[in-house]
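Tertiary structure, described
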Amino acid sequence: MTDARDVSAAAARRFLVLRHLLAPPRSLPAGTESVMRVFDRIGVIQFDPLEVAGRNHDLTLLARIDGYRREHAEQLLYAERTLYETYNKSLNIVPTAELPWYRATWDAYAAGPRTRALLEANAELVEEILTRIRERGPVSAADFEAREATDWWWRPTNVVRASLEALAVTGVLAISRREGNRRLYDRTETLFPADLLSRRPPAREQKLHRVLSRYRAHGLLGAGAQEIWSGTDSAERKELRAALRADGTLVEVSVEGVRGPRRLPAADLPFLEAAETEVEAGEAPGGAAPRAAFLAPLDPFLWDRALVKQLFGFDYLWEVYVPLEKRRWGYYVLPLLYGDRLVGRIEPRLVRKTGTLDILGLWFEDGFDPLEPGFPAAFAEALRAHLAFASLTKVRFPPRRHAAFARAVKAEL
């Protein structure tokens, strides 16, 4: 263990874009290999089914991969199964090779009183579900006649759906594939190799992996931001974090202008050193001309909202669950990254019926001039990437807002 390392705010900002494969954005070539490179770097990406501008994991990958298409991730998730869905802070996509170290998630749900009570109270339905899967293959809730609603997690839901979800979070079933928002389940033992399922690392190793996964995903976490640490015990987390620092897996840093110590994986120190070198030399991020990217609302880059505010001066809240009258910005608003700055926000919506990327709102941070040289072209490039990803052909800008900027971008398009 060594003393905390002092890091300037500029170097910390540069470090984050470098280690998140955002310096510059879309620097990886299209294909499933690039998807796995992203997971090799950050480990987990949150799955959210809302598809307003694109689903969260697709937007996260689109920001890093040139020519990304949703079928790239789906090939790895539901055909090759080198990725799978599990709960780790939230519903995440993680590499299947790490499944043994995430078994603790299944075990915790299996031991949980709510899950156990639901499965015990609906034992006949559970047996019906398992029998149908054995006889006919993957099923969804729609394959069963409607049943009564039951109290489940955040709202009452059909008991069939609740039972399927309970069997999935306990590891009995897993998602075989998705058809839109329809989830089809199969027995876990038929989807993953037996030798992988039989591996059971010691409980402590699994807990260490779970804590480390948060640092691997974000790169510069502190001890706060409770949402990030959900599903872990605070006292145990403190001890595990200390153990990871003591053995050199985590390195403590003090970031200029940021409250409290931060910790980063020791494996990421080369990115910090590269960031410090670039900043000192006055170079652009990654040594390339700055590019723009629309960041997913749940991108690991944005996990720690307090850090985003302190380090980037950017106050971001995903307002999808905020009542309309209380929203400052909009329903599905994405931060706008340019180089290593968060310079604004955009509210894009996919309108496939008309082939249009409809920009409902566009806001820039105080002090940022969207007409500064290079930015309209960078913004146009990000729009082209989004259009191609969603198979759209047109962009509609907000009427009567940022007219000069819209003209400049259209000229680039």
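Scroll up for the structure.
Let's talk about the nonpolar core
Grouped together as the largest cluster of nonpolar side chains are 107 residues, with contacts concentrated most on L61, L220, L295, L311, F375 and F379. Among the elements that make up this core, the one with the highest residue count is helix 15 (residues 375-390) (9 residues). Beyond its immediate sequence surroundings of up to four residues, F379 is in contact with A292, F294, L336, I346, L362, F397, F405 and V409. One finds Y102, F192, L197 and W229 within the second-largest nonpolar core, a separate group that totals 23 residues.

With respect to the side chain of D58
In this structure, D58 sits in helix 3 (residues 56-62). Under the relative-accessibility criterion, D58 is labelled buried at 0%.

As for the sheet that holds strand 12 (residues 334-338)
The strand order across the open sheet built from 5 strands is 11-12-13-14-15, with neighbouring strands paired in mixed fashion. Two strands lie at the open edges of the sheet, namely strand 11 (292-294) and strand 15 (394-396), each paired on one side alone. The average angle at which neighbouring strand axes cross in this sheet is 30 degrees, direction not considered. Across 8 bridges, the pairing between strand 13 (residues 341-351) and strand 14 (residues 356-364) is antiparallel. Residue pairing across strands places P348 opposite I359, the latter belonging to strand 14.

Quick look at the pairing of strand 14
Across the 9 residues that make up strand 14, a large majority, 8, are buried. A loop of 4 residues connects strand 13 with strand 14, the two strands running antiparallel in sequence, and G355 in this loop sits at a positive phi of about 70 degrees. Here strand 14 pairs with strand 15 via 3 bridges, running parallel. Bridging across to strand 15, D358 finds its partner in R396.

Some points on the pairing of strand 10 (residues 262-265)
Burial of the side chains of strand 10 extends over both faces: R262 and L264 are buried on one face and R263 and P265 on the other. With 4 bridges joining them, strand 9 (residues 250-255) and strand 10 adopt antiparallel strand pairing. Across the sheet, residue L250 finds its bridge partner in strand 10, namely P265.

Focus on the sheet that holds strand 1 (residues 5-7)
Strand order in the open sheet made by the 3 strands is 1-9-10, with mixed pairing throughout. The outermost strands of the open sheet, each flanked by one partner alone, are strand 1 and strand 10. Going across the sheet, the axis of each strand differs from the next one's by a mean of 45 degrees, ignoring polarity. With respect to the sheet, helix 1 (residues 9-19) is in contact with strand 1, strand 9 and strand 10, its orientation differing from that of strand 1 by roughly 90 degrees. Contacts from helix 13 (residues 269-281) reach strand 1, strand 9 and strand 10 within the one sheet, and its direction differs from that of strand 1 by about 45 degrees.

What about the environment of R263?
With respect to the element layout, R263 can be found in strand 10. Note: C-alpha distance between R263 and S90 (173 residues apart in sequence) is 22 Å. What R263 contacts, discounting residues up to four positions off in sequence, is Y215, G219, L220, L221, A223, R241, L250, V251 and E252. In this structure the side chain of R263 is engaged in a polar contact, spanning 3.4 Å, whose partner is the side chain of E252.

Some points on unusual backbone geometry
Following A23, the chain continues to P24 via a peptide bond in cis, the omega torsion being 0 degrees. Looking at the element boundaries, P24 is found in the loop between helix 1 and helix 2 (32-42). For H402, which is not glycine, the phi dihedral falls at a positive 55 degrees. Checked against the element boundaries, H402 lands in the loop between strand 15 and helix 16 (403-412).

Cut-offs used in this document
Residues numbered from 1 in each chain as written. Predicted model: local features only at pLDDT ≥ 70, side-chain atom pairs only at ≥ 80, totals over all residues. Heavy atoms only, no water. Core = buried A, V, L, I, M, F, W, Y, C linked by side-chain atoms within 4.5 Å. Buried < 20%, exposed > 50% of the residue type's maximum accessible area, 1.4 Å probe, protein only. Helix = DSSP H or I, 4+ residues; strand = E, 2+ residues; numbered from the N terminus. Contact = heavy atoms within 4.5 Å. Pairing = 2+ DSSP bridges. Axes fitted to C-alpha atoms, helices over the stretch in contact; angles between N-to-C directions. Polar contact = N/O pair within 3.5 Å; in protein donor to acceptor, adjacent residues only side chain to side chain.

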